[in-house]
Each structure stands twice: as C-alpha cells, then as structure tokens.
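Each chain is listed here by its residues.
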Amino acid sequence: MIRTSLRAGVLAVAALAAAQGAQAQLFGDDQARQAILDLRQRFDQAVTAQNRLVDENAQLRRGMLDLQQQIESLRGELARSRGQEEQLTRDIAELRQKLAAQQTLEERLQKLEAGEAARAADPSAQGQTAQSTEQPATGGEKQDYDAALAVFRAGDFKGSQTGFANFIKRYPRSTLAPSALFWLGNAQYATRDYKEAITNFRSLLTAAPNHPRAPEAMLSIANCQIELKDTRAARATLDSLVKTYPQSEAAQAGKERLAGLK
C-alpha cells in the first residue's frame, strides 16, 4: 500500500516536472521568434534608412552637379563679358587714336593750305615748290588732286590713298605730285600702314627736297618709325630734320620729340 502510494507520488512529481519543462521550452521558442522578428524589423528599418540616405546623397550630388554647371556657365559669361570689355577698350583707344590723327592732319592741312594761299599771292615763291623738270598743273590735274584731297578731309583715308596713288601714276611730273605723295603718306599713317607711308614720304624728299612739305614729311617719317618701335631710326631722322631744315616748324617739333625720346 505504502509502496503503491510512493510510486504514484513519484510518477506525479515526474509528470509535473515534465509539464513544467515543456512549458519552459515553449516559452523559450516564443522569445527567440520575437527576437528574430525584432532583428528583422531593425534590419528593415536600417535598410530603409540606408536607401533614404543613398537617395538623399544622389539628390545632393545632382544638386552639386547642377551648381557646378551654373558656376561654369557664369564663369563663361564672365570671361565673355571681360573679353567684350577689353575689346571695347581697344576699340575706344583705336578710335581716339584715329580722331587724334585726323585732328593733327586737319591742323596740318589748314597750315599748308594757308601756305599755298601765300605762295599763290607771290608767284616768285612757286618755283621753290617743284623741280625745274616738272610741268605746271593743268586744270584736270588740279581737279583730280582736289578730289582726292576732299576724300582725305572727309576721313576716308583708304579712299584717299587710292585717289592720290592714281594721281601720282597719272601725273608723275606734276607740280602737285610731291603734295600728293605727302597726303598719300599721311593717309597711310592714319591707317597704320607705316612702312608704306615712310616709302612715300621718302619719295617726296628724293623728288623735291626743297618742297615746303619736305620738313613735315621728314617729321612724319620719324613719327612712323616711333610707331614701329624703331627708336634708333627715329632719333637719326629727327637729328637729320633739325640739321636739314633748322628754321622750319617741323624742326622745332622734332626737337621736342627728340627730347622725349632721350
């Protein structure tokens, strides 16, 4: 009887222990599943956050690229603007030089025209303006010369070059040929064709060294040499001007120019 009760008690205790162990194992599996679910949720959240960061980074890069393109565009516009400004500055400087050259030539023309009027009033002085082999100017010559001079005075230096060059070819022995050479050289000087201008001024000096325009021609040669940055030649020309035509206004201007070069 006692033995039977003891066995029943042992079996009851074993059954209770087995039930408790099964319950404990079931509770442990639930916690593991929950932990796995939590890990998955955290992983999904991390992936979502990472994807969001990748998208934001891509947007930021696109924004930076757009900004860089805008900066490059602004740099290009700034460079073009600077180029246009520099070109405008050069154009203004060139225009000022042309206006100054035209004003100087106008002043020379007025002085020379006054000299021509004085010589016209004194026929004895006219023989000093040309070589003895030259023929007096005819009406046609005077008209062609005046036409070229009118083009020059209008500021069309290219056109006047053609007019004076044609005049010299047509009337090489005219008393107006040295004057045509002079104004042809001045027109070339105005268009910065300095080498050709020097050639024509020298032709005047060779053909008519005693011509009233000869001192001005020599001064103009020096001016051309200065523009060509040939300072040594300009000094030599100015020295020759002062020695050859010491009483001329051109010689006085040459002295001042020579002092400036030194």
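Check the entry above for the structure.
Note that the structure is a prediction, hence the values are computed from the model and not measured.

Rules of the game
Residues numbered from 1 in each chain as written. Predicted model: local features only at pLDDT ≥ 70, side-chain atom pairs only at ≥ 80, totals over all residues. Heavy atoms only, no water. Phe/Tyr/Trp six-rings, centres within 6.5 Å; stacked < 30°, edge-to-face > 60°. Buried < 20%, exposed > 50% of the residue type's maximum accessible area, 1.4 Å probe, protein only. Helix = DSSP H or I, 4+ residues; strand = E, 2+ residues; numbered from the N terminus. Axes fitted to C-alpha atoms, helices over the stretch in contact; angles between N-to-C directions. Parallel < 35°, antiparallel > 145°, perpendicular 65-115°, else oblique. Left-handed = near helix turned anticlockwise from the far one by under 90°. Contact = heavy atoms within 4.5 Å. Salt bridge = Lys/Arg side-chain N within 4 Å of Asp/Glu carboxyl O.

Trainee: What should I look at first to understand the packing of aromatic side chains in this one?
Mentor: In this description, a pair of aromatic rings is defined by centroid distance and the angle of the planes. Going through the model one piece at a time under the given rule, you end up with 8 aromatic pairs. Their ring planes at 65° and their centres at 5.3 Å tell us that F152 and F157 sit as a pair that is edge-to-face. Relative accessible area serves as the criterion here: at 3%, F152 is assigned to the buried category. Chaining the aromatic ring pairs together yields one cluster made of F152, F157, F182, W183 and F201.

Trainee: Help me out: how do you make sense of the environment of T206 in this one?
Mentor: Locating T206 in the fold gives a position in helix α6 (residues 194-207). Residue classification places T206 among the exposed positions, given a relative accessible area of 68%. Through-space distance from the C-alpha of T206 to that of P178 is 9.7 Å; in sequence the pair is 28 residues apart.

Trainee: How do you make sense of the packing of helix α3 (residues 139-153) against helix α5 (residues 177-190) when you look at a structure like this?
Mentor: Helix packing geometry: the angle between the two helix axes and the distance between the axes. Look at α3 against α5: their axes get within 11 Å of each other, and the N-to-C directions meet at 20°. In terms of axis orientation, α3 runs roughly parallel to α5. Crossing hand, α3 versus α5: left-handed. Across the interface between the two elements, Y145, L149 and F152 of α3 pack against S179, A180, W183, N186 and A187 of α5.

Trainee: For this particular structure, what's the right way to read the pattern of salt bridges?
Mentor: Opposite charge on two side chains permits them to pair, given that their charged atoms come into close proximity. Counted according to the given criterion, the structure contains 3 salt bridges. E72 is the partner of R75 in a salt bridge, and the nearest nitrogen-oxygen pair spans 3.3 Å. Of this pair, R75 and E72 both sit in helix α1 (residues 2-121), 3 residues apart, which is roughly one turn of that helix. Judged by relative accessible area, which is 53%, R75 ranks as exposed. Note that K142 is salt-bridged to D146, the shortest N-O span being 2.8 Å. With a gap of 4 residues between them, K142 and D146 both fall in helix α3, about one helical turn apart. You can call K142 partly exposed: its relative accessible area is 39%.

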